[in-house]
Number of protein chains: 2
Amino acid sequence: MDSALQTGFIGLGVMGNAMAGHLLTAGYSLGVYTRTEQKAKNLVDAGAQWFADPASLAKNCDVIFTMVGYPSDVEEIYFGPKGILEHAKPGTLVIDMTTSSPALAQKIYAEAKKRGIDALDAPVSGGDIGAKNATLTIMVGGEEASFQRAKPFLEALGKTIIRQGAAGAGQHTKMANQIAVAGNLVGAVEAITYARSAGLDPRTVLLSIANGAASSWQLSNMVPRMLDSNFAPGFYVKHFLKDLRIALESAEQMGIEMPFLSLAKNLFEKLTEEGFSELGTHALYLLYEKGLL
Amino acid sequence: MDSALQTGFIGLGVMGNAMAGHLLTAGYSLGVYTRTEQKAKNLVDAGAQWFADPASLAKNCDVIFTMVGYPSDVEEIYFGPKGILEHAKPGTLVIDMTTSSPALAQKIYAEAKKRGIDALDAPVSGGDIGAKNATLTIMVGGEEASFQRAKPFLEALGKTIIRQGAAGAGQHTKMANQIAVAGNLVGAVEAITYARSAGLDPRTVLLSIANGAASSWQLSNMVPRMLDSNFAPGFYVKHFLKDLRIALESAEQMGIEMPFLSLAKNLFEKLTEEGFSELGTHALYLLYEKGLL
C-alpha cells in the first residue's frame, strides 16, 4: 500500500453497512472487511477498498471500526492470528461498536495500550433506523484523548455521543440501557396479556395508559406490533438474549443481585428454546399468548 | 332535606379533596363525607355540605363519587350497614374512583342494579398533580348509558376519559397500567443499580439512555429522585403493593401466569417488610442500594 486509508470498517451487517456508508459520504477514505464479501459490494462500488481479512485491513487503516455479532466474534477479530491487534500499526485507533462484554472491552484496551494502539468501546442504540439516518446514540468508554480523536468520525454516525468513563464504560452503559428496555418490554407484555385476558380491547387500553406514568417507548411502539402479530425484527431475540447474558454475567462479577434481570434472561432463553430467536424482541408476547411459560 | 344535592364525594384525601373541589368550582352542589372531618373543612368553607356518615350522604346526593384507600374500605362504604347501596335512592349514580378490585366493582354493579342504582368503576391515573390540575386519566367500566350520564362530571376532573367496557373494565385497565408501571420502574431501578455498581455516573448514563428504546416516564422522572435520595411519595409503596396484589389475584382468577408481576409483588412486599411502606414507589431502589434483596 502506498498511503494509509483514514478509516476501516469490519462487520457490514444492516447497521455496519449503513454506518460505513456515512464515513464514505463524510469524505473519509475507507477500507472494508466482512465475512460475506457480497455485503460490501455497495460500499466498494461507492469507493471503499476491499480487504480479504482483518489483518490486511488493520495494516492499512488509521481508524478502525468493528461492528460484529457476538463477543466471540469480537474476540477473534481483535485477538485472532489474523486479528487487528497483531497487525495494526502503533498509533492506530480501534473502536468496537459491537454490543459486547465490558470485561472484553477492558481486555482489548489493555492489550492495545501495550502495543501503542488507542482503543474505545462504543456500542450504540437506535437500531437500523438510527444507523441509516446517522441518529445513533453512541456510548463511549476509553481515554478522553482517544475519545476526542474519535469524535469527528463518530459525529458522522450518530447524534448523542457521550463518553461515559474509562474502557468498558460504553459497554456498561449499553447494558444499563438493555436492562431498562427489558423492564419496559416485559411490563408492556404482561400489561397487555392481562388486558386481553380480562376481555378488554388492548388498543383502547393503550389510549388510557400510554401517556402517563406507564408510558414507555416499548409500550407505545411494540404493543401495536404485538397486536398485529407482526414479529419481524426490529431487534432480534437472539441479540437481546446475548445482551441480557452479558449484563447478568457482569452483574454477577460485580456481586450485585438483579432478580428482574435474571427473570428477563430466563424468559428470553425460553423464547429461544421455543424457536423464536430470529424474531423481534416483542415476540416475547408469544410466550404468554401461546401459554408457553 | 328539601332538595337533593347534585353530587356527593366520599373520601377526601389529597386526591379526593382536589377532585371534590373541581365539582364545586364547576358549579355543582356538593355533599361530602370523609373519616377525618377536618379534611373537609376547605370544601365546607367553599360551600359543600357535610354529612356525618355515608348513609346520610347517600340519601341526599344524586351522583356519588367515592375515592378511598383499600378494597376493604370500598366494601364497607358500599355494603356496610351505613353504606351507600342500602341508603341511596333508586336512580342514583355511584362512581367508585378508588383503585380497587375488578371483582368488587362487578359486585357493586350487580347489587346496585338490583336496587335501580347506576354504578361505574372509574379509577384514575395522574396522581395528586393530575387531581389538582384536573388532568387525570379516568378509566371507566360500566354501562354506556351510565357513562354518558357521568361524563359531564368526569370532565370536571380529568382530560382523558375513556369507557373501557362493562363493570370492572375500568379497574382492569388500571391494573394493566400498574403492571406496565412496575415493569418500567423495576427496569429503571436495576439499570441504575447496575450503572452505579459499574462505577458510572448514573446521571450521565441517563443522558445516553433516557430518550431511546429504554425511555419511560419512570426512568426520566423517578431515577433523578432516587439519585437525590428523595423518596417522598409521589405514589405510596403501600398503595402500589395493594394494586399489585389485586392485579395478581385477578390474574390468578383468570388463570394466566405473570412471572414478572409475581416478582414485582414480592419486591414490594419485601420493601414493606423493611419498613418503607410510607415512602414513594421509587424507594424500591433502597432494596438494591442497601443490599436488602
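Residues numbered from 1 in each chain as written. Chains lettered and ligands numbered in written order. Predicted model: local features only at pLDDT ≥ 70, side-chain atom pairs only at ≥ 80, totals over all residues. Heavy atoms only, no water.

Enquirer: Lay out the overall build of chain A with the relevant residues and their values.
Expert: Counting its regular elements, chain A contains 14 helices and nine strands. For 293 residues, the compact-globule estimate of 2.2 N^0.38 gives 19 Å, and chain A sits close to it at 20 Å. Principal-axis analysis of the C-alpha atoms gives chain A an extent of 70 × 45 × 35 Å. Looking at chain A as a whole, 59% of its 293 residues qualify as buried. (Helix = DSSP H or I, 4+ residues; strand = E, 2+ residues; numbered from the N terminus. Rg over C-alpha atoms; globule rule 2.2 N^0.38 Å. Buried < 20%, exposed > 50% of the residue type's maximum accessible area, 1.4 Å probe, protein only.)

Enquirer: Before we move on, could you go through unusual backbone geometry and cite the residues and values that matter?
Expert: In this structure, Ser-229 of chain A takes a positive phi of about 50 degrees despite not being glycine. Residue placement: Ser-229 of chain A occurs in the loop between helix H11 (217–227) and helix H12 (237–254).

Enquirer: Explain the interface of chain A and chain B to me, using residue names and the numbers behind them.
Expert: Listed as interface residues are 55 residues of chain A and, on the opposing side, 55 residues of chain B. Interface area for chain A against chain B, summed over the two sides, is near 4,300 Å², with a carbon-plus-sulfur share of 67%. Taken as a group, Glu-190, Tyr-194 and Ser-208 of chain A account for 16% of the area that chain A buries against chain B, more than any other trio of residues on that side. Between the two partners, chain A and chain B, sit 20 residue pairs in polar contact (both at pLDDT 80 or more). Take the side of chain A that touches chain B: its biggest share by element is 19 residues, from helix H9 (residues 169–197) of chain A. When the residues that make up the side of chain A that touches chain B are grouped by side-chain class, the tally is 33 nonpolar, 18 polar and four charged. (Contact = heavy atoms within 4.5 Å. Buried area = accessible area lost by both parts, 1.4 Å probe. Polar contact = N/O pair within 3.5 Å; in protein donor to acceptor, adjacent residues only side chain to side chain. Nonpolar A, V, L, I, M, F, W, Y, C, P; charged D, E, K, R; others polar.)

Enquirer: Lay out the packing of aromatic side chains with the relevant residues and their values.
Expert: One pass over the structure, following the stated rule, counts 13 aromatic pairs over all chains. Here the aromatic rings of Tyr-33 of chain A and Trp-50 of chain A are separated by 5.8 Å at their centres, their planes lie at 35 degrees, and the arrangement is tilted. Of the two residues, Tyr-33 of chain A is situated in strand E2 (residues 30–33) and Trp-50 of chain A in strand E3 (residues 49–50); the sequence distance between them amounts to 17 residues. Tyr-33 of chain A sits in the buried class, given a relative accessible area of 15%. The class for Trp-50 of chain A is partly exposed, based on a relative accessible area of 24%. Measuring from ring centre to ring centre gives 6.1 Å for Phe-235 of chain B and Phe-240 of chain B, while their planes differ by 85 degrees; the resulting arrangement is edge-to-face. Aromatic ring contacts, followed pair by pair, group Phe-9, Tyr-28, Phe-65 and Phe-153 of chain A into a single cluster. Over the face of the ring belonging to Tyr-70 of chain A we find Lys-242 of chain A, whose NZ or CZ atom lies 5.8 Å from the ring centre. (Phe/Tyr/Trp six-rings, centres within 6.5 Å; stacked < 30°, edge-to-face > 60°. Lys NZ or Arg CZ within 6 Å of the ring centre and 35° of its normal.)

Enquirer: Tell me what's going on with the relation of the copies chain A and chain B, and back it up with residues and numbers.
Expert: Take chain A, turn it by 180 degrees, move it 0.0 Å along the axis, and it overlays chain B with an RMSD of 0.0 Å. The two molecules are tied by a two-fold rotation axis, judged by turn and shift. Most of the interface of chain A is mirrored in chain B, where 100% of its interface residues are also at the interface. (Least-squares fit on C-alpha atoms with pLDDT ≥ 70 in both.)

Enquirer: Explain the environment of Ser-215 of chain B to me, and be specific about the residues and the numbers.
Expert: You can see Ser-215 of chain B is positioned in the loop between helix H10 (202–209) and helix H11 (217–227). Assessed through its relative accessible area of 16%, Ser-215 of chain B is described here as buried. Sequence separation between Ser-215 of chain B and Lys-39 of chain B is 176 residues, and the spatial gap between their C-alpha atoms is 38 Å. Ignoring sequence-local partners within four residues, the contact set of Ser-215 of chain B consists of Asn-184, Ser-216 and Trp-217 of chain A together with Ile-209 and Ala-210 of chain B.

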